[in-house]
Amino acid sequence: MTDEEIKTYVTGRIDALLDGMTDVASLPQAEPDGGTTLPFVKGGRLVAAPVAALGGGADDGALTVEEIDAAIASA
């Protein structure tokens, strides 16, 4: 491969990765709430879930998407 082909390939791969990412800095900002909620990105928007509603994950592990969705819906 030539240098130009490598550059084109790498640029294309980086662009593909960036297309699937959400730029959190460009999302609307929420008002500070004294640390009682955690922010999540859902549907391209910054949403928050109350910490008390999150509880623990199954077997005290990581929270599932369904558990986070339920906490956001209860907010």
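Structure report, in brief.

### Brief notes about the environment of G44
Relative to the elements of secondary structure, G44 occurs in the loop between β1 (37-42) and β2 (45-50). When the C-alpha atoms of G44 and D23 are compared, they prove to be 8.8 Å apart, with 21 residues separating the residues in sequence.

### Let's talk about the pairing of β2
Bridge count for β1 against β2 is six bridges, and the pairing is antiparallel. When the sheet's bridge partners are listed, T37 is paired in β2 with P50. Hairpin connection of β1 to β2: two residues between the antiparallel strands, including G43 at a positive phi of 60°.

### Digging into the nonpolar core
Counting residues in each nonpolar core, the largest one holds five residues, listed as A49, L54, I68, A71 and I72. It is helix α3 (residues 65-74) that contributes the most residues to this core, three residues altogether. Contacts of I72, omitting those with residues within four sequence positions, involve F40, K42, V47, A48 and A49.

Criteria and thresholds
Residues numbered from 1 in each chain as written. Predicted model: local features only at pLDDT ≥ 70, side-chain atom pairs only at ≥ 80, totals over all residues. Heavy atoms only, no water. Helix = DSSP H or I, 4+ residues; strand = E, 2+ residues; numbered from the N terminus. Pairing = 2+ DSSP bridges. Core = buried A, V, L, I, M, F, W, Y, C linked by side-chain atoms within 4.5 Å. Buried < 20%, exposed > 50% of the residue type's maximum accessible area, 1.4 Å probe, protein only. Contact = heavy atoms within 4.5 Å.

Shape is all these values report; function is a separate question.
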